[in-house]
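Examination of the molecular architecture
The primary structure of each chain is shown beneath.
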Amino acid sequence: MTKLEIKDLHVKVKAEPEHPEILRGINLTINTGEIHALMGPNGNGKSTLAETIMGNPAYLVTQGDILIDGESILDKAVDERARLGLFLGMQYPAEINGVTNAEFIRAAINARRPKDDQIPIMQFIKQLDATMDQLKMPEDMADRYLNQGFSGGEKKRNEILQLMMIKPHFAMLDEIDSGLDIDALRIVAEGVNSMRGKEFGTMIITHYQRLLNYIVPDFVHILKDGEIIETGGAELAKELEKTGYEHLKVGDANA
Amino acid sequence: MPETLTLPNAPKIPLRRYLKQTKDDALVAPATVDAPSTVVVDHPDSVVMPATNDFEKWLNAKPQSVTTINIPAGFSDQTPIKLTGPVDGGGLVHITIGENANVVFQERWTSTGSMLGIAVAIDIAAGATVNWLAYDAFKADTVLLQRTVNMAANTTLNLTVAGFSQNSGASLLTTNLNGDGAEATINVGVLAAGKQHLGYATAVTNFGRKTVGHINQRGVITDKAHLVFNGIGHIVEGARGSDAQQENRVLMLSEHARGDANPILLIDENDVTAGHAASASRVDQRQLYYLMSRGVSAVVAKRMVIRGFLEAGLGEIRDADLKQELFDAIDETLVNADA
Ligand SMILES: Nc1ncnc2c1ncn2[C@@H]1O[C@H](COP(=O)(O)OP(=O)(O)O)[C@@H](O)[C@H]1O
Ligand SMILES: [Mg+2]
């Protein structure tokens, strides 16, 4: 898996078919090895784009396509897309009682491996310990129920833990910086940076430029009112920091 | 049966209708008990059981297999004492646990029959600590079952009921915190499938001062099954410094599954703490989506959510083999329900 292509993507919320499209013709190509940042005011469709790529059944693609290495994934369910190599660090991760973090991550890893070649438990534990250590997560978080009672920052860190354990080819990280103080932000950014390489591409969704000081993107896209209105390099984010989103084209900036 | 029956407090459980049926009346071999020799097991012709209402009288009606178990004061052994119910009938079981004993107990019921009555009474003397597991896996058509626990001062009870039966009927579990400082945690985990109609009334009454009663019920319902959970917490006047908490939750997996969770909290004393929570819900699609977004299949994701849900009811089970057996039973039921 080396190329993720979004072509003329139009998306509606399935439960609200009368409501206008939230995404109105998105075009975007992400290759492994690249880091993209997706920025823009709140409520303009950033999460919708990430969720639709991942395969959230709440969204309906009304036009366009999503392709991996030239092949459409629109008819694939979310778990299939995940096993193909997509990952979404969610803005609002669900809480699941009674399922421990460790148990879940192991199941996720094993879902990618053949039935007769599941990850040996000791190897898994070693890897989990090392990764949690790297993210400065307390040991007991492995045995806590998945996101249950986690603070906002703990949830974000936990998303990155899953990312680093699962090692996908394409990761979309939706506002992983929200709820993190500057130390936590640095730790999380280091985690993401450790994933960088020829086999890994990522789309970092953020509202603020701050995160991009730590994870320097190759491309920055501005999403406004369901369209990508501008694309540039890392300097575009810096510029936005100074000028804000207001001057960018028309559109309903309700940030 | 008389027209006007006196019945225990068990809302939404059709006890009146059940009691019109006659109990299987063949005298069967009594329960078997696996215990160290210091524990006295007997099968007398009769035994004094609670008989304050017509439901209890129905349970006590002869012919009836009778088992008494006497665990001496100071007994201390972490190896479970095991009781296995009659293979083809119900009966009465009366257990006394002596002062300061430390006991681990397992009941297991897989009885067949058409209409079974089972009554288990447990008297716990002062200072005793009891870890109790009741594994109900009845194969009978209908079972009416009552467990009554009387706890003296400074006793501790940790009771789990694993309800994995095929029958319809009622399960009443009454815990009386009679002595000061008695503490009971009652966990109930139930899997209801097929056309089962099951009602649970799980009651804890705080009589003594500084007593603690916690009820935790979790039920998963598939197919056309119907499950009712009543949680009844009662703090009587004078039980100062007591605590009554309860949580009753049912998860419905199929369109025709029906679930009810009724918390009932009666508080007749001021200086106490109490709380309750209840819910009847379906599998949360957001949870499934989240789990699946990491690559696990829909089936595995659903099982994880369900097991996780039941964990709160069955989590205290320490017997790893039994826990595995329960999880296997869950998986098997879900596979059948998925098909
Ligand atoms: N599941 C949903 N149900 C209803 N409205 C939604 C849903 N998801 C997104 N929207 C709407 O779509 C618009 C874009 O939301 P979102 O993609 O979350 O924006 P962003 O991530 O840029 O803040 C908002 O108006 C939002 O209310
Ligand atoms: Mg968003």
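Residues numbered from 1 in each chain as written. Chains lettered and ligands numbered in written order. Predicted model: local features only at pLDDT ≥ 70, side-chain atom pairs only at ≥ 80, totals over all residues. Heavy atoms only, no water.

1. A look at the overall build of chain B
Along the backbone of chain B there are 5 helices and 18 strands. For a compact globule of 339 residues, the expected C-alpha radius of gyration is about 20 Å, and chain B comes in at 20 Å, within 12% of that figure. Overall, the C-alpha framework of chain B stretches about 55 × 50 × 45 Å when taken along its three principal axes. Relative to its 339 residues, chain B shows a buried fraction of 55%. The contacts in chain B between residues at least 6 apart in sequence include a share of 83% that link residues at least 24 apart. Carbon and sulfur atoms provide 49% of the accessible area of chain B, an area that totals close to 13500 Å². Taking the 27 positively charged and 36 negatively charged side chains of chain B as two groups, their mean positions are separated by 7 Å. (Helix = DSSP H or I, 4+ residues; strand = E, 2+ residues; numbered from the N terminus. Rg over C-alpha atoms; globule rule 2.2 N^0.38 Å. Buried < 20%, exposed > 50% of the residue type's maximum accessible area, 1.4 Å probe, protein only. Contact = heavy atoms within 4.5 Å. Areas by Shrake-Rupley, 256 points an atom, 1.4 Å probe, with all protein chains shown as cover. Lys, Arg positive; Asp, Glu negative; His and termini not counted. Charge placed at Lys NZ, Arg CZ, Asp CG, Glu CD.)

2. Some thoughts on the sheet that holds strand E10 (residues 227-232) of chain A
Residues and elements named next belong to chain A. Sheet architecture is open: 6 strands sit in the order E6-E7-E8-E3-E9-E10, paired in mixed fashion. Unpaired on one side and paired on the other, strand E6 (86-89) and E10 mark the two borders of the sheet. For this sheet, the mean inter-axis angle between neighbouring strands, taken without regard to orientation, is 20°. With 5 bridges connecting them, strand E3 (residues 35-39) and strand E8 (residues 201-206) associate as parallel partners. If you follow isoleucine 35 over to E8, its bridge partner there is threonine 202. Of the strands in this sheet, E3, strand E9 (219-224) and E10 are in contact with helix H7 (residues 234-243), which crosses E9 at around 50°. (Pairing = 2+ DSSP bridges. Axes fitted to C-alpha atoms, helices over the stretch in contact; angles between N-to-C directions.)

3. Points about the environment of proline 93 of chain A
As for its placement among the helices and strands, proline 93 of chain A is situated in the loop between E6 and helix H3 (101-110). The class of proline 93 of chain A is buried, set by a relative accessible area of 8%. Between the C-alpha atoms of proline 93 of chain A and leucine 146 of chain A, which are 53 residues apart in sequence, the distance is 9.5 Å. When sequence neighbours within four positions are dropped, the list of residues in contact with proline 93 of chain A reads Asn147, Lys155 and Glu159 of chain A together with Arg286 and Tyr290 of chain B.

4. Some points on the site of ligand 1
Residue and element names in this part refer to chain A. Around ligand 1 lies a shell formed by Val13, Glu16, Ile22, Pro41, Asn42, Gly43, Asn44, Gly45, Lys46, Ser47, Thr48 and Tyr59. The contact in question runs from an oxygen atom of ligand 1 to an N or O atom on the side chain of threonine 48, over 2.5 Å. At 2.7 Å, a side-chain N or O of tyrosine 59 approaches a nitrogen atom of ligand 1. Within the complex, the protein chains bury 65% of what would otherwise be the 550 Å² of accessible surface of ligand 1. Tallying contributions element by element places helix H1 (residues 46-54) first for the shell around ligand 1, with 3 residues. The class makeup of the residues in the shell around ligand 1 is 4 nonpolar, 6 polar and 2 charged. (Near = heavy atom within 4 Å. Polar contact = N/O pair within 3.5 Å; in protein donor to acceptor, adjacent residues only side chain to side chain. Nonpolar A, V, L, I, M, F, W, Y, C, P; charged D, E, K, R; others polar.)

5. A word on the UniProt feature "domain: SUF system FeS cluster assembly SufBD core" (unreviewed entry) in chain B
Mapped onto the present numbering, the UniProt feature "domain: SUF system FeS cluster assembly SufBD core" (unreviewed entry) falls on residues 93-309 of chain B. The span residues 93-309 of chain B is 9% helical and 59% strand by assignment, and the distance between its end C-alpha atoms comes to 32 Å. (UniProt positions renumbered as here; feature names shortened; annotations may be inferred.)

6. Some points on the interface of chain A and chain B
The interface is formed by 34 residues belonging to chain A together with 16 residues belonging to chain B. Carbon and sulfur atoms supply 65% of the area buried between chain A and chain B, which totals about 1900 Å² over both sides. In this structure, the connection of chain A to chain B is made through 1 salt bridge. The shortest N-O distance in the salt bridge between glutamate 159 of chain A and arginine 294 of chain B comes to 2.5 Å. (Buried area = accessible area lost by both parts, 1.4 Å probe. Salt bridge = Lys/Arg side-chain N within 4 Å of Asp/Glu carboxyl O.)

7. A short note on the sheet that holds strand E15 (residues 226-235) of chain B
All names here are of chain B. What the 9 strands build is an open sheet, ordered E2-E3-E5-E7-E9-E11-E13-E15-E17; its pairing is mixed. Each end of this open sheet is capped by a strand with a single partner; those strands are strand E2 (40-42) and strand E17 (258-267). For this sheet the average axis-to-axis angle between neighbouring strands, irrespective of direction, equals 10°. Summarising the sheet, strand E9 (residues 142-151) and strand E11 (residues 168-177) pair through 10 bridges and their orientation is parallel. Residue pairing for E11: arginine 147 is matched across the bridge by leucine 173.

8. Things to note about the packing of helix H5 (residues 152-166) of chain A against helix H6 (residues 182-195) of chain A
Residue and element names in this part refer to chain A. Direction vectors running N to C along H5 and H6 enclose 15°, while the axes themselves pass 10 Å from each other. Taken together, H5 and H6 sit at an angle that is classed as roughly parallel. In this structure, H5 meets H6 at a crossing whose hand is left-handed. Contacts from Arg157, Ile160, Leu163 and Met164 of H5 reach H6 at Ala184, Ile187, Val188, Gly191, Val192, Ser194 and Met195. Tallied by class, residues from the contact of H5 with H6 come to 8 nonpolar, 2 polar and 1 charged. (Parallel < 35°, antiparallel > 145°, perpendicular 65-115°, else oblique. Left-handed = near helix turned anticlockwise from the far one by under 90°.)

9. Considerations on the side chain of glutamine 91 of chain A
Residues and elements named next belong to chain A. When you line up the elements, glutamine 91 lands in the loop between E6 and H3. Residue classification places glutamine 91 among the buried positions, given a relative accessible area of 17%. In this structure the side chain of glutamine 91 is engaged in a polar contact, spanning 2.7 Å, whose partner is the side chain of serine 47. Look past the residues within four positions of glutamine 91 in its chain and what remains in contact with it is Ser47, Lys156, Asp174 and Glu175.

10. Considerations on the pairing of E9 of chain B
Residues and elements named next belong to chain B. Burial of E9 is extensive: 9 of the 10 residues sit out of reach of the surface. Bridge analysis of strand E7 (residues 115-124) against E9 gives 10 bridges, and the strand direction is parallel. Bridging across to E9, alanine 119 finds its partner in glutamine 146.

11. As for a nonpolar patch on the surface
A contiguous nonpolar patch, built from Ile121, Met122 and Ile125 of chain A and spanning about 280 Å² of accessible area, is present on the exposed surface. For methionine 122 of chain A, the location among the structural elements is in helix H4 (residues 121-134). (Patch = residues over 30% accessible without salt bridge, like charges linked within 9 Å, V, L, I, M, F, W, Y side chains within 5 Å.)

12. Quick word on unusual backbone geometry
Residue and element names in this part refer to chain B. Here the bond from lysine 62 into proline 63 is cis, since omega is -5°, no more than 30 degrees from zero. For proline 63, the position within the fold is in the loop between helix H2 (54-60) and strand E3 (66-71). Positive phi is not limited to glycine here, since lysine 210 has a value of about 50°. Relative to the elements of secondary structure, lysine 210 occurs in the loop between strand E13 (197-206) and strand E14 (212-221).

13. Some thoughts on the coordination of the magnesium ion (ligand 2)
All names here are of chain A. Coordination of the magnesium ion (ligand 2) by the protein involves Ser47 (OG) and Gln91 (OE1), with metal-donor separations of 2.0 to 2.3 Å. In this pair, serine 47 is assigned in helix H1 and glutamine 91 in the loop between E6 and H3, connecting sequence segments 44 residues apart. Overall, the relative accessible area of 22% leaves serine 47 in the partly exposed class. (Donors = N, O, S within 2.8 Å, 3.2 Å for Na, K, Ca; no water.)

14. Some details on the environment of isoleucine 119 of chain A
All names here are of chain A. By the secondary structure assignment, isoleucine 119 is in the loop between H3 and H4. Here isoleucine 119 falls in the buried class, since its relative accessible area comes to 5%. The sequence separation of isoleucine 119 and isoleucine 109 amounts to 10 residues, and the corresponding C-alpha distance is 7.5 Å. Residues in contact with isoleucine 119, not counting those within four places in the same chain, are Arg106, Ile109, Asn110, Arg113, Phe124 and Gln127.

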